[in-house]
Amino acid sequence: MPIHQLPPQLVNQIAAGEVIERPASVLKELLENSLDAGATEVDIDLEQGGIKLCRVRDNGVGIAGAELPLALSRHATSKIGSLEDLERVASLGFRGEALPSIASVSRLTLLSRQRGEGQAWAVESTGAERDEARPAAGLEGTSVEVRDLFYNTPARRRFLRAERTEYSHLEKVARQISLSRFSVAIRLNHNGKRVLNLPVARSLEEQERRVASVCGKEFISHALYVEHELGDLRLRGWIARPTFSRSQPDLQYFFLNGRAVRDRVIVNAVKQGYRDVLFHGRHPAYVLYLEMDPAYVDVNAHPAKHEVRFRDSRSVHNFVRRTIESTLAETSAGMNAAQPAAGLPAGAAERPRDRAGEFNHPQPSLRFGAGRQGIAESSHLYRALTATSAAANEGESASGDIPPLGFAIAHLHGVYILARNSEGLVIVDAHAAHERVTYERLKGAYLGAGPDEAGGVQRQPLLIPLRVNVSTAEADLAEANADKFASIGLLVERGGPETLTVREIPVLLRNANAEALLRDVLSDLGETGASDRVEDACFDLLATMACHGSVRANRNLSLDEMNALLRAMEATERSDQCNHGRPTWTQLSMQDLDRLFQRGR
Ligand code: ADP
Ligand code: MG
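Since the model is a prediction, treat every value here as computed from it, not as a measurement.

About the thresholds
- Residues numbered from 1 in each chain as written.
- Chains lettered and ligands numbered in written order.
- Predicted model: local features only at pLDDT ≥ 70, side-chain atom pairs only at ≥ 80, totals over all residues.
- Heavy atoms only, no water.
- Helix = DSSP H or I, 4+ residues; strand = E, 2+ residues; numbered from the N terminus.
- Contact = heavy atoms within 4.5 Å.
- Areas by Shrake-Rupley, 256 points an atom, 1.4 Å probe, with all protein chains shown as cover.
- Phe/Tyr/Trp six-rings, centres within 6.5 Å; stacked < 30°, edge-to-face > 60°.
- Buried < 20%, exposed > 50% of the residue type's maximum accessible area, 1.4 Å probe, protein only.
- Lys NZ or Arg CZ within 6 Å of the ring centre and 35° of its normal.
- Near = heavy atom within 4 Å.
- Polar contact = N/O pair within 3.5 Å; in protein donor to acceptor, adjacent residues only side chain to side chain.
- Expected span 1.5 Å × (residues − 1).
- Core = buried A, V, L, I, M, F, W, Y, C linked by side-chain atoms within 4.5 Å.
- Domains from an automatic or database assignment.
- Pairing = 2+ DSSP bridges.
- Axes fitted to C-alpha atoms, helices over the stretch in contact; angles between N-to-C directions.
- Salt bridge = Lys/Arg side-chain N within 4 Å of Asp/Glu carboxyl O.
- Patch = residues over 30% accessible without salt bridge, like charges linked within 9 Å, V, L, I, M, F, W, Y side chains within 5 Å.

Chemist: Could you clarify how one ought to interpret the overall build of the protein in this entry?
Modeler: Counting its secondary structure elements, the protein contains 21 helices and 23 strands. Here the analysis covers contacts within the protein between residues at least 6 apart in sequence; of these, 71% occur between residues at least 24 apart. Carbon and sulfur atoms make up 51% of the accessible area of the protein, which totals about 28,800 Å².

Chemist: Help me out: how do you make sense of the packing of aromatic side chains in this one?
Modeler: Ring pairs (aromatic) are described by centroid distance and by the angle formed between their planes. The full count for this structure, using the stated rule, is 6 aromatic pairs. Between F182 and W238, the ring centres sit 6.2 Å apart and the planes meet at 75°, which makes this aromatic pair edge-to-face. Taken together, the residues F182 in the loop between α7 (163-180) and β8 (185-190) and W238 in strand β11 (residues 233-240) connect sequence positions 56 residues apart. With respect to burial, F182 and W238 carry one shared label: buried. These aromatic residues form a ring-pair network of at least three members: F182, Y225, W238, Y253, F255 and Y289. For the cation-ring pair, R107 lies above Y151, with the distance from its terminal atom to the ring centre recorded as 4.0 Å. Directly above the aromatic system of Y289 lies the positively charged group of R236, at a separation of 5.7 Å from the ring centroid.

Chemist: In this structure, what is going on with unusual backbone geometry? I would like to understand it.
Modeler: A negative phi angle is the norm for most residues apart from glycine, just as the trans form is the norm for most peptide bonds. Here D148, not a glycine, exhibits a phi torsion of approximately 50°, which is positive. According to the relative accessible area criterion, D148 is partly exposed, its value standing at 25%.

Chemist: Even after reading the chapter, I still don't get the site of ligand 1, so can you show me in this structure?
Modeler: The environment of ligand 1 is made up of 20 residues, and the closest members are N33, T77, S78, K79 and G96. Residue K79 places a side-chain N or O atom 2.7 Å away from an oxygen atom belonging to ligand 1. In isolation ligand 1 offers 530 Å² of accessible surface; the protein chains occlude 93% of this area. Those elements giving two or more residues to the shell around ligand 1 turn out to be α2 (23-36) and α5 (98-104). With 3 residues, α5 is the largest single contributor of residues to the shell around ligand 1.

Chemist: Is there a simple way to think about α7 in this case?
Modeler: Since there are 3.6 residues in each turn of an α-helix, residues three or four apart along the chain are aligned in direction. Over its 18 residues, α7 extends 26 Å from the first C-alpha to the last, a length consistent with the 26 Å expected when each residue adds 1.5 Å. Buried within α7 we find E166, Y167, L170, E171, V173, A174, R175, I177, S178, L179 and S180.

Chemist: I would appreciate a short explanation of the nonpolar core in the present structure.
Modeler: The tendency in soluble globular proteins is for nonpolar side chains to be buried as a group. Grouped together as the largest cluster of nonpolar side chains are 92 residues, with contacts concentrated most on L110, F219 and V287. When we break this core down by domain, the ones giving at least three residues each are domain 1 (8-197) and domain 2 (204-329). Excluding its chain neighbours within four sequence positions, the residues that come into contact with L110 are I63, L68, A71, L72, L99, W121, A122, V123, T142, S143 and V144. Grouped together as the second largest cluster of nonpolar side chains are 31 residues, Y439, Y446, A512 and L522 included.

Chemist: Help me understand the environment of G258 in this model?
Modeler: As for its position among the elements, G258 is in the loop between β12 (252-256) and β13 (259-260). In this structure the C-alpha to C-alpha distance between G258 and E291, which are 33 residues apart in sequence, comes to 7.9 Å. Those residues in contact with G258 that sit more than four places away from it in its chain are L92, S180 and R181.

Chemist: Would you mind going over the sheet that holds strand β20 (residues 459-469) with me for this structure?
Modeler: Think of a sheet as strands paired side by side through backbone hydrogen bonds, with each pair either parallel or antiparallel. Here 3 strands make up an open sheet; going across it, the order is β20-β22-β21 and the pairing antiparallel. The two strands at the open ends of the sheet, each matched to only one other strand, are β20 and β21 (491-496). Here the average twist between neighbouring strands, direction ignored, is 20°. Pairing between β20 and strand β22 (residues 499-506): 7 bridges, direction antiparallel. From the neighbouring strand, N469 faces β22, where its bridge partner is T499. The sheet strands contacting helix α16 (residues 472-480) are β21 and β22, and the helix crosses β21 at an angle near 140°.

Chemist: Please clarify how the pairing of strand β23 (residues 585-589) should be interpreted in this entry.
Modeler: Along a regular strand, successive side chains alternate from one face of the sheet to the other. Of all 5 residues in β23, 5 are buried, a share of seventy percent or more. Burial along β23 is two-sided: the residues W585, Q587 and S589 and T586 and L588 are all buried. Bridge count between strand β19 (residues 424-429) and β23: 5 bridges; the pairing is antiparallel. By the bridge assignment, V426 is partnered in β23 with Q587.

Chemist: Mind showing me how you'd approach helix α11 (residues 313-329) here?
Modeler: In this model α11 runs 24 Å from its N-terminal to its C-terminal C-alpha over 17 residues, within 8% of the 24 Å that 1.5 Å per residue would give. The buried fraction of α11 is high, at 12 of 17 residues. Within α11, the full set of buried residues consists of V316, H317, N318, F319, V320, R321, T323, I324, E325, T327, L328 and A329.

Chemist: What is the right way to look at the pairing of strand β18 (residues 416-420) in this model?
Modeler: In this sheet, β18 lies alongside strand β17 (residues 407-412) in antiparallel orientation, the contact comprising 5 bridges. By the bridge assignment, A408 is partnered in β18 with A419. In sequence, β17 turns back onto β18 through a hairpin of 3 residues, with H413 there showing a positive phi of about 45°. In this structure, β18 lies alongside β19, joined through 5 bridges in antiparallel fashion.

Chemist: Can you walk me through the sheet that holds β17 in this structure?
Modeler: In spatial order, the strands read β17-β18-β19-β23; together these 4 strands make up an open sheet with antiparallel pairing. Every other strand in the sheet has two partners, leaving β17 and β23 as the edge strands with one partner each. Averaged over all pairs of adjacent strands, the angle between their axes in this sheet comes to 25°, without regard to strand direction. Across the face of the sheet, helix α20 (residues 559-570) comes into contact with β17, β18, β19 and β23 while running at roughly 115° to β17.

Chemist: Sorry if this is basic, but what is going on with the pattern of salt bridges here?
Modeler: Any two side chains of opposite charge can pair if their charged atoms end up close together. Tallied over the entire structure, the rule returns 27 salt bridges. Between D36 and K79 there is a salt bridge, with the nearest N and O atoms lying 2.9 Å from each other. Taken as a pair, D36 in helix α2 and K79 in the loop between α3 (68-71) and α4 (83-87) lie far apart in primary sequence, 43 residues in all. By relative accessible area, D36 is classed as partly exposed at 24%. Judged by its relative accessible area of 29%, K79 falls in the partly exposed class. Close ionic contact of R234 with E229 constitutes a salt bridge, the shortest N to O distance being 3.9 Å. A residue is classified by how much of its surface remains accessible, and R234, at 28% relative accessible area, is partly exposed.

Chemist: Can you help me understand a nonpolar patch on the surface in this one?
Modeler: A cluster of nonpolar residues, L6, L10 and I14, forms a patch on the protein surface that exposes about 240 Å² of accessible area. Topologically, L6 is positioned in the segment before α1 (8-19).

It is worth stressing that arrangement in space is one thing and function is another; only the former is reported here.
Here it is, written out as structure tokens:
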């Protein structure tokens, strides 16, 4: 075949192959156009899983009659005009490909009345045929109606699934978009039935109601509100307490400048933020909004724009991770006793059964084999801890103040501590709580034990330096990041174009596989510009030590010991849950108890 120019219809169908996979992709493109047009009301009508009909009507700025045919031609857009525009694009669309692509594989009607104009105009398109714009009746705003998707591309049509499946994809898109703009009211009908009706959400309370109707009430009742700004980065939203973790990463919404993205750097940063409050294999749940200067992120990295490229992915990673970490760190036991969002008092009284199921995690396995020394070290810490806090405790009780977790009354079957505070009864899992406190202590001691003032990590020279063969690129990376390696306790030197020599490793990891660790750190650095492997490995080891050094079940604690533990919990970050995300304590208030005994009914 000689070389020839492809007909426009075919070009559009090829483009459709990239961005229009199923009815849900049509809906996504149409909704994004409505948001870009500044709509505050959006109505979605779907029939037969969106295959027969997908219509989006909005009250946005509309399109001038004369421009209607242009809206359906390829590479025609009102959103950018130059390369500078592209480099700081803030709209969701900018490629000018969606409408022509959709039009090439469906029967499409575009009807619009520009804001301030008296007349609406419509244009119809069927496959390659396109009519002239004609006057029509319509309100200000735009309506795009897409019928019989893939009617002229049987191969694509065969890939469509059952109506129910397609519908569930459509609903997912609508939910995601609805979380991206609280300022837009969204209504959705499927086969004539109203399925979603979300009013504009202005106040925080209204926004939480929308989040609850999209993500479930359980999510929001276990959520912590996040809001943090640093330079021109701003993160806000809701993250679930570790006690509400998921077996799948299915409740993770992240919006970058109002665009839903699923980006490796971000996913990893959030995961790191939850490090050591979530059991391995569990996934955090969150709805987060990151705002930043559009010039510092490239959204033109992927046709469907799910992935983005940050100019400085490392600082974004750190910012997100630290924000999550410090929000979770505020969950010290006793701090949220009065806050219903803690979910613990209500949970304890109303849902004992599903809680038991949810937290049925095994203990972590020994990853690096804790030696005897570890146990001795941590029980020594425990003694120091009980001594100091017992003294502090006496002072407090003398002044008559009741601390948040109250005073111990009894140790039940060597497992649970019962305590009385101003609300009522506090129940503490002694082992889980002690493990957490010890772990945070060990971590603090470990991080502060370094040779320099910054509190780096204590290193130990290897008897025989370890030579590791790597690629040139990896060797370059290690050389450029020598400081970073040193700060995490690895002293690495370049031994040749393709060799690295490890001279020192963190004291705690003297029995670990240094080569595997080095390779993991290198691959993390290459991918996200940061690595927490070494710290992770150390923390894993400390967690194991904490577990072994903590109060075992069936050892009866004295009142002093119990009170000391309660005081230590109050003073410890993240002590609301143990290292595996199980709760460490719960509270039955007098009202809860009254309810149990049906008093006052
Ligand atoms: P893009 O969104 O990338 O610009 P599209 O093919 O999705 O490309 O849309 C082409 C143009 O049609 C847009 O740039 C916009 O000017 C106009 N348009 C599409 N949908 C709407 C709408 N709902 N309201 C107003 N204008 C719209
Ligand atoms: Mg668009």
